[in-house]
Amino acid sequence: MAGHRASHLDLRQETAIAMPDEIELPPPSPKDELWRSILLENTRASRNRRIHKRIPSAPRCKMCAAPFAGLGGLFMPLLGHPRWAKNPKYCAGCFRSLRENHGGAEIECSLLFADVRGSTTLAERMSPTAFNRLMGWFFDVSADVLVAHDAFVDKFVGDEIIGIFVPAMATEAHARRAVDAATALMQRMARSRVEDRSIPIGAGVSTGTAYVGSIGSGSDTELTAMGDIVNTTARLASAAAPGEILVAAAAAAAAGLPGSLERRSLRLKGKTEATEVAVLTVG
């Protein structure tokens, strides 16, 4: 029995002194400087995107804004921008570029998260087909608004849309463009009606440093952003009431928002310090 207890004691001691595995992060990608140029400078890619966004119509490639429908959808494949079958959010040219040029860069940018409030209640009152059409309409309209304000459309997550505003597309005034996009989206939703009711959304806007680039592998490769600013913006969108845009202090200052706006100090989930925000309300 004593030997049995000793073996348990030895096991506990070994467990107590076990060291965690050291994780070696991969080195920086040789493509990082390419990405820095794409995200910060007025390259051919950004100029092409500005042209594409003026050609109708949605849905579009989330990287170069080439249209997949309407008049543009008929001739863009002839210019090398057919919709990529393995990832229909991109044209074939952009998806190949993302897949072949894994990497990214830490840059200052602005982010916008916006989501439908009360979507669970809406889904309860509607048939699954009608709710699917509603959310499809929300995503199409939101994507059009974001593209018109020079954003990359990052993701559709449930009832939420995410936009990334980088200097190469939205200029150094990317914070202002993000706030303007949030305001335009709020106004568009306020004018729209579903079963005689407007579609309520809340939004969050932040400005700061994020890693933006090509992430994932195979058909799951995405242009996306990562970092604390992403988490903060998501929390702001969740905390916003219907018709509210919560703009983090750095974004509010960069966008030149008036000091007379309502200010709040928010305790966001997972954040160790309070987050100061300016509040825009769109009726």
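Because the structure is a prediction, the values reported are computed rather than measured.

**Student:** How should I be thinking about a nonpolar patch on the surface in this particular structure?
**Tutor:** Nonpolar side chains collect at one region of the surface, where Leu71, Leu74, Phe75, Leu78 and Leu79 lie side by side and expose about 580 Å² of accessible area between them. For Leu79, the location among the structural elements is in the loop between α4 (70-75) and α5 (92-100). Take Leu79: its relative accessible area is 57%, and that puts it in the exposed class.

**Student:** Help me understand the confidence of the model for the protein chain, please; the structure alone is not making it clear to me.
**Tutor:** When pLDDT drops low, the exact placement of atoms in the prediction is not to be read closely. Looking at the protein chain as a whole, its pLDDT mean stands at 86, while 89% of the residues score no less than 70. Of all the helices and strands in the protein chain, helix α1 (residues 2-17) carries the lowest mean pLDDT, 49, while strand β6 (residues 244-248) carries the highest, 98. Overall, residues 11-15 carries pLDDT values under 50, and its contacts beyond four positions in sequence, including any with other chains, amount to zero contacts.

**Student:** How should I be thinking about the packing of aromatic side chains in this particular structure?
**Tutor:** The description of an aromatic ring pair rests on the distance of the ring centres and on the angle between the ring planes. What the rule picks out here adds up to three aromatic pairs. Centre to centre, the rings of Trp84 and Phe95 are 5.7 Å apart; their planes meet at 25°, and the pair counts as stacked. Of this pair, Trp84 sits in the loop between α4 and α5 while Phe95 sits in helix α5, placing them eleven residues apart in sequence. The same class applies to Trp84 and to Phe95, which are both buried. Taking the relative accessible area as the measure of exposure, Phe95 reaches 1% and is therefore buried. An aromatic cluster is defined as three or more aromatic residues linked by ring pairs; in this entry it consists of Trp84, Tyr90 and Phe95.

**Student:** I'm lost on the side chain of Thr43 in this one. Help?
**Tutor:** Note that Thr43 resides in the loop between α2 (32-40) and α3 (44-52). Sequence-distant contacts of Thr43, defined by excluding residues within four places in its chain, comprise Ser37 and Ile38.

**Student:** Help me out: how do you make sense of unusual backbone geometry in this one?
**Tutor:** Leaving glycine aside, a negative phi is the common case for residues, and trans is the common case for peptide bonds. The omega torsion of the bond from Pro56 to Ser57 falls at 5°, within 30 degrees of zero and hence cis. With respect to the helices, strands and loops of the structure, Ser57 is situated in the loop between α3 and α4. The residue after Ala58, namely Pro59, is reached through a cis peptide bond having omega 0°. Within the element layout of this structure, Pro59 appears in the loop between α3 and α4. With a phi close to 70°, Ala65 is a non-glycine residue in the positive phi region. A relative accessible area of 0% means that Ala65 is categorised as buried. For Asp150, which is not glycine, the phi torsion reads 70° and is therefore positive.

**Student:** What's the story with the nonpolar core in this structure? I'm lost.
**Tutor:** Of all hydrophobic cores here, the largest spans 44 residues; its most connected members are Val205, Ile245, Val247 and Leu257. Counting only elements with at least two residues in this core, the list comes to β1 (103-116), α7 (128-148), β3 (160-165), α9 (174-191), β4 (201-215), β6, α11 (249-255) and β8 (275-281). Residue contributions to this core peak at eleven residues, all from α7. Setting aside anything within four residues of it in sequence, one finds Leu257 in contact with Arg176, Val179, Val247, Ala252, Arg263, Ala278 and Leu280. Listed in part, the 33 residues of the second largest apolar core include Cys64, Trp84, Cys94 and Val166.

The rules behind the values
Residues numbered from 1 in each chain as written. Predicted model: local features only at pLDDT ≥ 70, side-chain atom pairs only at ≥ 80, totals over all residues. Heavy atoms only, no water. Patch = residues over 30% accessible without salt bridge, like charges linked within 9 Å, V, L, I, M, F, W, Y side chains within 5 Å. Areas by Shrake-Rupley, 256 points an atom, 1.4 Å probe, with all protein chains shown as cover. Salt bridge = Lys/Arg side-chain N within 4 Å of Asp/Glu carboxyl O. Helix = DSSP H or I, 4+ residues; strand = E, 2+ residues; numbered from the N terminus. Buried < 20%, exposed > 50% of the residue type's maximum accessible area, 1.4 Å probe, protein only. pLDDT = per-residue confidence, 0-100. Contact = heavy atoms within 4.5 Å. Phe/Tyr/Trp six-rings, centres within 6.5 Å; stacked < 30°, edge-to-face > 60°. Core = buried A, V, L, I, M, F, W, Y, C linked by side-chain atoms within 4.5 Å.

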